[in-house]
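Observations on the model geometry
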Amino acid sequence: MSKHKLNTRAAGLVAVAVMLSRVLGLVRDSVFAYLFGAGRLMDVFNMAFRLPNLLRDLFAEGALSTAFITVFSKKIESDGDDSAWALASKITTLALVFMSAITLLGIVMASSLVSIMAPGFDAEKAQLTVHLTQIMFPFILLVSLAALTMGMLNARNVFGIPALASSFFNLGSIVGGVFFGWLYDPSFGPKALTGLAIGTLIGGFLQLIVQLPSLRRVGFRFNPDFRWRDSGVKQVLILMIPSVIAGSAVQINVVVNSGFASCLQEGAVTWLQNAFRLMQLPLGIFGVAIATVTLPVVSKIAVTGDKVHFRETLAKAMRLATFLTIPSAMGLLFLSEPIISLIYERGKFTHDSSVHTAQALQFYAIGLIGYSCIKVLSPAFYAINKKWTPMFVSFGSIGINIILSWILIFKLNMGHRGLALSTAISATLNFGTLYLFMRSEMGSLVSGKFVMTFLRCITASLLMAAWCWAVIHYGHYWVGNHSFLIRALTLFITIGVATVLYFGSCWVLRVEEVHDAIQIFRRKLVRR
């Protein structure tokens with residue numbers, strides 16, 4: 001049983017790397033907001049990028065990555081390294097051919113795709129969106145290869161470099177986008193958006209090549225292999241079919257929201273995009289990091305048929321995700337407006353845009369725990385060959401989101417806030433349903449322990465919430481009406497005190513996960 005364990009140290013390494021990537025993503029959005037604001041132009045760019053980005057989540061970092069890591073990890077365990085590397089060459093060749101075809105098809109059909117995704121855009125806005133979409137569509141090819149590379153490295157217990165790779169995407173997007181945007185239009189008008197699109201491709205290319213030296217070191221040598229009538233290839237493709245939907249329910253819901261948002265006032269698409277980006281900061285740091293480390297482990301455990309070890313590992317991962325995301329959700333609920341204002345409110349990004357973005361962020365935060373646990377739980381179904389379950393659950397989640405979005409917009413007049421709320425509710429219901437199905441499959445998920453962890457963490461977060469509320473209501477001058485440096489320092493102190501209050505309360509309440517974190521910290525001190 002000790003051979004395959006959840007590596008909390010590796011999860012911590014991935015969390016730090018993902019945090020850097022998410023912070024650079026915020027820098028990227030902040031720079032673009034400064035140059036373009038949160039109105040018509042950024043609505044166009046965000047919608048154009050949403051199309052190839054959706055395919056990235058559907059095929060690359062969603063279905064392809066999940067299916068490949070599952071089969072590749074099992075192949076290492078059952079047949080050895082040589083067989084696993086042969087499978088990797090076959091899948092890489094297939095991905096090159098298939099994603100190249102998807103890229104060409106996307107470029108040709110860009111106009112039709114934009115009309116479906118953004119029905120509320122006027123003719124001029126839609127035409128510019130089509131132009132940018134055609135430039136950025138090759139991004140899906142680059143990021144698909146990057147996702148395969150990441151999967152191979154994760155399966156070989158290399159987590160740091162793959163997690164850092166998306167930081168290079170953000171760096172390339174920022175530097176390349178600003179440089180080429182300035183070349184096209186020094187005043188950063190509509191023509192400069194072409195530069196941002198080129199920067200996106202540069203970022204995707206960097207995300208791929210930065211991982212290649214590590215891949216070579218672990219033993220992979222790519223040999224084009226078109227012999228796709230292979231049991232391993234077949235397993236990957238079979239897993240991908242349901243995973244295309246199940247692994248991307250949240251992203252599809254966001255796209256649905258963007259379609260609704262395109263029918264609302266100027267800026268709604270960008271408000272939701274910026275809010276979702278901020279919500280993804282703790283999601284990426286904690287949920288994605290834990291899921292990245294968990295999937296190869298549970299895939300290898302599944303080969304042994306050890307249900308007890310499988311469910312204990314999965315349950316621990318979900319408890320850890322809950323423990324870490326509850327304070328994040330609480331912080332975003334109370335501190336959304338000063339955080340948004342600090343990050344974005346400069347240049348062409350106005351205070352009104354900060355308020356609207358903060359409103360969306362508060363509603364997104366309600367579903368943060370659900371988002372995080374889905375990242376951990378959904379891929380585990382593929383490890384136990386229950387690939388259809390997440391797909392059917394996701395069908396229901398998407399349907400609920402569409403119905404809720406329509407009701408909240410047209411019946412309750414909540415605007416873009418209703419779109420964020422519908423996504424959060426759908427994600428929470430998605431997680432709850434998946435949890436019940438997995439519990440049925442495993443006989444148990446140590447549910448009593450999960451519930452106790454959840455309740456204790458919620459209780460511990462109340463003191464933190466009271467502190468954040470007091471700062472907002474009695475320290476408004478310091479967090480909202482002062483210089484950038486003073487506001488940043490005030491927020492830093494506020495978040496730092498909130499963190500200490502939360503972890504201290506969890507320690508008093510004997511939350512097991514805080515003791516794990518202390519042990520990790522102690523081991524690091526001993527090594528040093």
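For the structure, see preceding data.
Now for a description of the structure that goes with this document. (Residues numbered from 1 in each chain as written. Predicted model: local features only at pLDDT ≥ 70, side-chain atom pairs only at ≥ 80, totals over all residues. Heavy atoms only, no water.)

By the definition in use, this model includes 25 aromatic pairs. Geometrically, the ring pair formed by phenylalanine 139 and phenylalanine 169 is tilted, given 5.4 Å between the ring centres and 45° between the ring planes. Remark: phenylalanine 169 occurs in helix H7 (residues 160-184) and phenylalanine 139 occurs in helix H6 (residues 139-155); sequence separation between them is 30 residues. By relative accessible area, phenylalanine 139 is classed as buried at 0%. Residues tyrosine 435 and phenylalanine 450 carry aromatic rings whose centres are separated by 5.3 Å and whose planes lie at 35° to one another, so their mutual orientation is tilted. With tyrosine 435 in helix H17 (residues 416-442) and phenylalanine 450 in helix H18 (residues 447-474), this residue pair connects regions lying 15 residues apart in the sequence. In this structure phenylalanine 450 comes out as buried when scored by relative accessible area, which is 11%. (Phe/Tyr/Trp six-rings, centres within 6.5 Å; stacked < 30°, edge-to-face > 60°. Helix = DSSP H or I, 4+ residues; strand = E, 2+ residues; numbered from the N terminus. Buried < 20%, exposed > 50% of the residue type's maximum accessible area, 1.4 Å probe, protein only.)

Moving on to the side chain of arginine 28. Assignment of secondary structure puts arginine 28 in helix H1 (residues 8-36). On the basis of relative accessibility, which here comes to 3%, the residue arginine 28 falls in the buried class.

For the rest of this paragraph, the subject is the nonpolar core. Residues Phe310, Leu314, Met318, Phe323, Leu377 and Met438 are the most contacted members of the largest nonpolar core, which totals 88 residues. With 18 residues, the top contributor of residues to this core is helix H13 (residues 307-344). Leu35, Phe36, Phe137 and Leu196 belong to the second largest nonpolar core, which has 29 residues in total. (Core = buried A, V, L, I, M, F, W, Y, C linked by side-chain atoms within 4.5 Å.)

Evaluated as defined, the whole model comprises twelve salt bridges. Among the salt bridges present, the one from aspartate 29 reaches arginine 28, with a minimum N-O distance of 3.6 Å. For aspartate 81, the salt bridge identified is with arginine 156, shortest N-O distance 2.8 Å. With a gap of 75 residues between them, aspartate 81 in helix H3 (residues 81-108) and arginine 156 in the loop between H6 and H7 connect regions that are remote in the sequence. Looking at arginine 156, the relative accessible area reads 27%, which means it is partly exposed. One network of salt bridges, with partners in common, ties together Arg40, Asp43, Asp122, Lys125 and Glu266. (Salt bridge = Lys/Arg side-chain N within 4 Å of Asp/Glu carboxyl O.)

Turning to helix H15 (residues 368-383), a few remarks are in order. Look at H15: 24 Å from first C-alpha to last across 16 residues, which is about the 22 Å you get at 1.5 Å a residue. If you look at H15, its biggest bend is around 35°, right at isoleucine 374. Here H15 lies mainly inside the structure; 15 of its 16 residues are buried. Asparagine 385 sits one or two residues past H15 and shows a positive phi near 60°. (Expected span 1.5 Å × (residues − 1). Bend = angle between axes of the 7 residues up to and from the residue.)

Moving on, we come to the environment of phenylalanine 381. Position of phenylalanine 381 relative to the elements: it lies in helix H15. Excluding residues that lie within four positions of it along the chain, phenylalanine 381 makes contacts with Lys386, Lys387, Thr389, Pro390, Leu434, Phe437 and Met438. (Contact = heavy atoms within 4.5 Å.)

Here valine 303 is to be found in helix H12 (residues 268-304). Overall, valine 303 belongs to the partly exposed group, its relative accessible area being 39%. As for valine 303 and isoleucine 384, which are separated by 81 residues in sequence, their C-alpha atoms are 8.6 Å apart. Here valine 303 is in contact with Lys74 and Glu77, once residues within four sequence places are set aside.

A word on the state of the cysteines. Here, disulfide denotes a covalent bond that connects the sulfur atoms of two cysteines. In total, this model carries zero disulfides according to the counting rule given. Cysteine 457 provides the cysteine sulfur closest to cysteine 506, a residue in no disulfide bond, and the two sulfurs are 4.5 Å apart. (Disulfide = S-S within 2.5 Å.)

A separate point is a nonpolar patch on the surface. A cluster of nonpolar side chains, contributed by Ile403, Trp406, Ile407, Phe410 and Leu412, occupies part of the molecular surface with about 500 Å² of accessible area. Tracing the backbone shows tryptophan 406 in helix H16 (residues 388-411). (Patch = residues over 30% accessible without salt bridge, like charges linked within 9 Å, V, L, I, M, F, W, Y side chains within 5 Å. Areas by Shrake-Rupley, 256 points an atom, 1.4 Å probe, with all protein chains shown as cover.)

To continue, consider the packing of H16 against H17. The N-to-C vectors of H16 and H17 enclose an angle of 155°; their axes lie 8 Å apart at closest approach. Looking at the two axes, H16 sits roughly antiparallel to H17. Of the two elements, H16 crosses H17, and the hand of that crossing is right-handed. Residues Thr389, Pro390, Val393, Ser394, Ser397, Ile400, Asn401, Leu404, Ser405, Leu408 and Ile409 of H16 pack against Gly418, Leu419, Leu421, Ser422, Thr423, Ile425, Ser426, Leu429, Asn430, Thr433, Leu434 and Phe437 of H17. The residue makeup of the contact of H16 with H17, split by class, is twelve nonpolar, eleven polar and no charged. (Axes fitted to C-alpha atoms, helices over the stretch in contact; angles between N-to-C directions. Parallel < 35°, antiparallel > 145°, perpendicular 65-115°, else oblique. Left-handed = near helix turned anticlockwise from the far one by under 90°. Nonpolar A, V, L, I, M, F, W, Y, C, P; charged D, E, K, R; others polar.)

Here we come to unusual backbone geometry. Phi is positive for asparagine 413, which is not a glycine, with a value near 55°. For asparagine 413, the position within the fold is in the loop between H16 and H17. A positive phi angle, near 60°, is found at arginine 510, a position not held by glycine. Note on placement: arginine 510 falls in the loop between helix H20 (484-508) and helix H21 (512-527).

With that settled, the discussion passes to empty space enclosed by the protein. The tally for this structure, following the rule as stated, stands at two cavities of 30 Å³ or more. In this structure, the second largest cavity encloses a volume near 90 Å³. Listed by contribution, the elements that provide at least two residues to the lining of the second largest cavity are H1, helix H2 (40-79) and H12. Along the lines of polarity and charge, the residues of the lining of the second largest cavity split into five nonpolar, five polar and three charged. (1 Å grid on protein atoms, 1.4 Å probe; cavity = no way out; pocket = protein on both sides within 12 Å on 5 of 7 lines; lining within 4 Å. Points joined across faces, edges and corners; volume = space filled by probe spheres on them.)

A few words on the side chain of asparagine 170. Assignment of secondary structure puts asparagine 170 in helix H7. In this structure, asparagine 170 is in contact with Ser21, Leu24, Gly25, Arg28 and Arg277, ignoring residues within four places of it in sequence.

A word on the environment of isoleucine 402. Relative to the helices and strands, isoleucine 402 is located in helix H16. Once the C-alpha coordinates of isoleucine 402 and threonine 423 are considered, the two residues, 21 residues apart in sequence, prove to be 9.0 Å apart.

Before going further, it helps to examine the packing of helix H4 (residues 110-117) against helix H5 (residues 123-136). Pairs of packed helices are described in terms of their axes, by the angle between the two and the distance that separates them. Running from N to C, H4 and H5 cross one another at 125°; their axes reach a closest spacing of 9 Å. The angle between H4 and H5 falls in the class oblique. With respect to the hand of their crossing, H4 and H5 are arranged in right-handed fashion. Residues Ala110, Ser111 and Val114 of H4 form the contact with H5, whose own contacting residues are Ala126, Thr129, Val130, Thr133 and Gln134. Partitioning the contact of H4 with H5 into residue classes produces four nonpolar, four polar and no charged.

Shape is all these values report; function is a separate question.
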